[in-house]
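Results of the structural survey
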Amino acid sequence: MRIKILVRLKGQILEPQGKVIEQSLNSLGFTEFSNIRQGKLIELDLPDNISKEEKEQKIDSACKKLLVNDIIEEYEVLG
Amino acid sequence: MSFKSAVITFPGSNCDRDALCYLKDLTKGEVHNIWHEETSLPKVDLVILPGGFSFGDYLRSGAMASKSKIIDEVVKHANDNRYLLGICNGFQILTEIGLLEGALIRNKKLKFLGKNCFIKKKFKNNFNLSIKDNQILQIPVAHNEGNFYCDTETLNLLKNNEQIAFEYCKGEFSNTEENINGSIEAIAGITNKKKNVLGMMPHPERAYSDFHQSQDGRFIIESLIS
């Protein structure tokens, strides 16, 4: 099964890339776009026969150990 | 007894040679260069985690390097109350290991900063002993993620425990900004609670020799040796 993990900077942390993207989009005429923040998506495969609990436990552990720095980032498993 | 030291090299480190010369020239003692896949570390007084782009800065700066095989030994070295200095990418690695508080995020103005900067000491520790209060040091920076961040609670802890070693300040050039990268309280370097581990964004190993623009980086090693 394909797993998608969305990692983003916590809300209170300055995300300067999003600000620049916003300026660029605004200057292209997308003036309704605001509060843009850029994150990252990590995709990976896990075996299909793995239980729901084990899946959650493994993803959680991988995020805590390497994929996410919880001082500045938060994550969400999509779908 | 002569001062012994070591520099760890990761794939993508690019200041390891500078750090080795810095240690060799200033300590006059034994200096080891250790590859990140090693599982043992000689008993030395100081270990440097050098600057660069370890593992291409993939995922987050310092994230992969913080999981290298040698890191268990580096942590033991620090727990033994011996000195550990992380410079630039080394500072990022130390925060990723968890030996230092906070994190280094993108510079506020999104620019890679490669220039001289000015710092002064905030609280006294063994790394900055020979630097006078209010003495301004000129030391180069070269980083994209040097913007120090921590939450308010951690910041209060850093202050109460006097863990802030260096802060950016205005230098002799009128156009230099006080806080070059947007760091909280212009923090340029912090120590752990025991003050034997220092992480700093500026590069003292690029400011010690006669052919460098400044020799202010010498003070760090001189402080440790004294």
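Read on for an overview of the structure. This is a predicted model, so every value here is computed, not measured. (Residues numbered from 1 in each chain as written. Chains lettered and ligands numbered in written order. Predicted model: local features only at pLDDT ≥ 70, side-chain atom pairs only at ≥ 80, totals over all residues.)

Here's the deal with the overall build of chain B
- When its secondary structure is counted, chain B shows five helices and eleven strands.
- The C-alpha radius of gyration computed for chain B amounts to 16 Å, which stays within 12% of the reference 17 Å derived for 226 residues, consistent with globular compactness.
- Taken along the three principal axes of its C-alpha coordinates, chain B extends 45 × 40 × 35 Å.
- Counting across all 226 residues of chain B, residues that qualify as buried make up 53%.
- Residue pairs at least 24 apart in sequence account for 77% of intrachain contacts in chain B once pairs closer than 6 positions are excluded. (Helix = DSSP H or I, 4+ residues; strand = E, 2+ residues; numbered from the N terminus. Rg over C-alpha atoms; globule rule 2.2 N^0.38 Å. Buried ≥ 20, exposed ≤ 12 C-beta atoms within 10 Å, placed from the backbone. Contact = placed C-beta atoms within 7 Å.)

Some words on the sheet that holds strand β7 (residues 137–143) of chain B
Residue and element names in this part refer to chain B.
- An order of β2-β1-β3-β4-β11-β10-β9-β6-β7 is seen for the nine strands of this open sheet, with the pairing classed as mixed. Since the sheet does not close on itself, it has two edges, and those belong to β2 (31–35) and β7, each with one partner. Along the sheet, successive strands turn relative to each other by an average axial angle of 25°, direction set aside.
- Across three bridges, the pairing between strand β1 (residues 5–9) and strand β3 (residues 46–49) is parallel. Directly across from A6, in β3, lies its bridge partner V47. (Pairing = 2+ DSSP bridges. Axes fitted to C-alpha atoms, helices over the stretch in contact; angles between N-to-C directions.)

Examining the sheet that holds strand β2 (residues 40–45) of chain A
Residues and elements named next belong to chain A.
- Taking strand neighbours across the sheet as the criterion, the three strands line up as β2-β1-β3 in an open arrangement whose pairing is antiparallel. A strand with exactly one partner marks an edge of an open sheet, and here the two such strands are β2 and β3 (73–78). Between one strand axis and the next, the sheet turns by 25° as a mean value, whatever way the strands run.
- Pairing analysis gives six bridges linking strand β1 (residues 2–9) to β3, with the strands arranged antiparallel. When the sheet's bridge partners are listed, R8 is paired in β3 with E74.
- Along the sheet, helix α2 (residues 52–67) contacts β1, β2 and β3; its crossing angle with β1, the most-contacted strand, is approximately 40°.

Looking at the pairing of β2 of chain A
All names here are of chain A.
- Within β2, only zero of the six residues are buried, which leaves the element largely exposed.
- Alignment of β1 against β2, held across six bridges, turns out to be antiparallel. Looking across to β2, one finds that K4 is bridged to E43.

Some thoughts on the interface of chain A and chain B
- Listed by partner, the interface residues are nine residues for chain A and eleven residues for chain B.
- Residue contributions to the side of chain A that touches chain B peak at three residues, all from helix α1 (residues 16–27) of chain A.
- Taken together, the residues that form the side of chain A that touches chain B break down as seven nonpolar, two polar and no charged. (Nonpolar A, V, L, I, M, F, W, Y, C, P; charged D, E, K, R; others polar.)

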